[in-house]
Each structure stands twice: as C-alpha cells, then as structure tokens.
Amino acid sequence: YFYLPVYLQQVMVCFRVHLLIISLVFTLSESYSQNNIDEMSSFMNLNFGSSPSQVEGSLELALPISYGLKYYKYRSKNHREIYGQKIDQINLGFRDDKLEYIDIYFSKLTAADFQVIIDSLEYHFGPSVNFEAVEKGVIEAIRWQGEDTVLDFYRYGSETIDIDDKNKSVIAISRPVN
C-alpha cells in the first residue's frame, strides 16, 4: 500500500529532472545561436562607426546625399561570398564619416537561395518578420529589428525604381552611430 506512492513519487521526480534537462538544452542551444541584433558592432568585419580611411579595401564615392550621408561602392578580396552566395556588390553609407549603412547585393537569387540566407540570418539574429515594403518592385521583404539596429532583406523583381535593384536581393543594415 505504501510502496506504490513512493514509487510514483520517484517516477515523477525522475520525469521532472528529464524535463528540466531537455528544457535547459533547448534554451541553451537557442540562446547560443541567436544574438541580439543591437549587440552587432560589425558585419562581415566591417565595423559600424569606422571612418572611410579605417575600412580595408577599395572605396569609390558613388552617391553623395544631403545631411552628411555619403555612399561608397566597396570592394575587397575578402568579401566575395556570404552564406554560400556570391556577392554582386557592397555599398557602404557613412554619415559624418562614420559607417552607418551596409548594403550587400546579390544577383538573381533563386527562392531557395533567398531562403538559405534567411535561415542563416535567423540562426544568428532570431526570428524575422515579413513586412510590406513601400518601394516599387519589392517581391519579398524580411526584417530583424532592434532598438538601434535594423537588418532588412529584400528580393526585387524586374520592375524597380532603381535600375541597380532589378532582379536582385539586398541585405540592408542600418545602425546609427552617435
């Protein structure tokens, strides 16, 4: 009569311990792989807040914009591929000579290639959110947003406002520097 309740208590304790271990393993694996996007101080070894002279590689002024923002085309032998996909072009945006924007262009990614990049970004930064971009020609828009940092991933179709975006995909990261 007394043996059964003690046995059931032992089974319940064992079950709770196993459940706790499984929960801890799942939580630790999730927190290990995901970083808060606001903690990102660099992307592809390009440091936010750095000046054009501190960036290794070639910079060519492509688009001066008002309010202190200048876009440069960036080239480096170290930045030809990311997440298994060939990079077509990288643009860097500097406000008051501090890196604030990184735009990474890919030519004609398939839907599967686009998803591979999404999966890789979600591994590093957690779940993404689909949103409706206001820019003409955007087929798909994915976002990771923190307090200070925003990472958008766009897939463009053939009808775009900017001819450089036609049939391309773009990772666009902005991190204002104070």
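Below is a short write-up of the structure. Computed from a predicted structure; not experimentally measured.

**Comments concerning the overall build of the chain**
Next, step 1: The helix and strand tally for the chain stands at two helices and 12 strands.
Next, step 2: Counting from the amino terminus, the chain carries its helices and strands in the arrangement α-β-β-β-β-β-β-β-β-α-β-β-β-β.
Next, step 3: Going through the 178 residues of the chain one by one, you find that 37% of them count as buried.

**Quick look at the sheet that holds strand β10 (residues 138–145)**
Backbone-to-backbone hydrogen bonds join strands into a sheet, with any given pair of strands oriented parallel or antiparallel.
Next, step 1: Taken in spatial order, the eight strands of this open sheet run β3-β4-β7-β8-β12-β11-β10-β9, and their pairing is antiparallel. The open sheet has two free edges, formed respectively by β3 (58–64) and β9 (129–130), since each of these has just one partner strand.
Next, step 2: Inspection of the sheet shows strand β8 (residues 98–107) paired to strand β12 (residues 168–174) by seven bridges, in the antiparallel sense. Bridging from a neighbouring strand, Asp 103 pairs with Ala 172 of β12.

**Section: the side chain of Ser 51**
Next, step 1: Secondary-structure assignment places Ser 51 in the loop between β2 (46–47) and β3.
Next, step 2: Residue contacts for Ser 51: discarding those within four places in its chain leaves Phe 94 and Asp 97.

**Notes on the packing of aromatic side chains**
Any aromatic ring pair is given by two values, namely how distant the centres are and how the planes are angled relative to each other.
Next, step 1: Applying the stated criterion across every chain, the model contains six aromatic pairs.
Next, step 2: Centre to centre, the rings of Tyr 72 and Phe 94 are 5.4 Å apart; their planes meet at 90°, and the pair counts as edge-to-face. Here Phe 94 lies in strand β7 (residues 89–95) and Tyr 72 lies in strand β4 (residues 69–75), a separation of 22 residues in the sequence.
Next, step 3: Members of the aromatic cluster, joined through ring pairs, are Phe 106, Phe 114 and Phe 153.
Next, step 4: Taking NZ or CZ as reference, Arg 143 lies 4.1 Å from the ring centre of Phe 131, over its face.
Next, step 5: Taking NZ or CZ as reference, Arg 155 lies 5.2 Å from the ring centre of Phe 114, over its face.

**Notes on the nonpolar core**
Next, step 1: Formed by 30 residues in total, the largest nonpolar core has its most connected members in Phe 43 and Phe 153.
Next, step 2: Among the elements of the structure, β4, β7, β8, α2 (111–125), β10, β11 (150–156) and β12 are those that each provide at least two residues to this core.
Next, step 3: Residues in contact with Phe 153, not counting those within four places in the same chain, are Phe 106, Leu 109, Phe 114, Ile 117, Ile 118, Glu 140, Ala 141, Ile 142, Trp 144, Ser 169, Val 170 and Ile 171.
Next, step 4: In terms of nonpolar packing, the next biggest core, distinct from the first, is built from eight residues, Ala 133, Tyr 154, Val 170 and Ala 172 among them.

**Observations concerning α2**
Next, step 1: For α2, built from 15 residues, the straight-helix expectation of 21 Å at 1.5 Å per residue is met to within 8% by its first-to-last C-alpha distance of 21 Å.
Next, step 2: Where α2 is concerned, the buried positions are Phe 114, Ile 117, Ile 118, Ser 120, Leu 121 and Phe 125. All buried residues of α2 project into a common sector of 165° when viewed along the axis, lining one side.

**Some points on the side chain of Asp 152**
Next, step 1: In this structure, Asp 152 sits in strand β11.
Next, step 2: Its relative accessible area of 6% is what places Asp 152 among the buried residues.
Next, step 3: Within the local environment of Asp 152, its side chain forms a polar contact with the side chain of Tyr 154, the two groups lying 3.0 Å apart.
Next, step 4: Not counting residues within four places of it along the chain, the set of residues in contact with Asp 152 comprises Phe 131, Ile 142, Arg 143, Val 170, Ile 171 and Ala 172.

**A few points about the environment of Thr 160**
Next, step 1: Relative to the elements of secondary structure, Thr 160 occurs in the loop between β11 and β12.
Next, step 2: Expressed as a C-alpha distance, the spacing of Thr 160 and Val 138, which sit 22 residues apart in the sequence, is 7.5 Å.
Next, step 3: Leaving out residues up to four positions away in the same chain, Thr 160 has contacts with Lys 136, Gly 137, Asp 165 and Lys 166.

Conventions adopted
Residues numbered from 1 in each chain as written. Predicted model: local features only at pLDDT ≥ 70, side-chain atom pairs only at ≥ 80, totals over all residues. Heavy atoms only, no water. Helix = DSSP H or I, 4+ residues; strand = E, 2+ residues; numbered from the N terminus. Buried < 20%, exposed > 50% of the residue type's maximum accessible area, 1.4 Å probe, protein only. Pairing = 2+ DSSP bridges. Contact = heavy atoms within 4.5 Å. Phe/Tyr/Trp six-rings, centres within 6.5 Å; stacked < 30°, edge-to-face > 60°. Lys NZ or Arg CZ within 6 Å of the ring centre and 35° of its normal. Core = buried A, V, L, I, M, F, W, Y, C linked by side-chain atoms within 4.5 Å. Expected span 1.5 Å × (residues − 1). Arc of directions from axis to C-beta. Polar contact = N/O pair within 3.5 Å; in protein donor to acceptor, adjacent residues only side chain to side chain.

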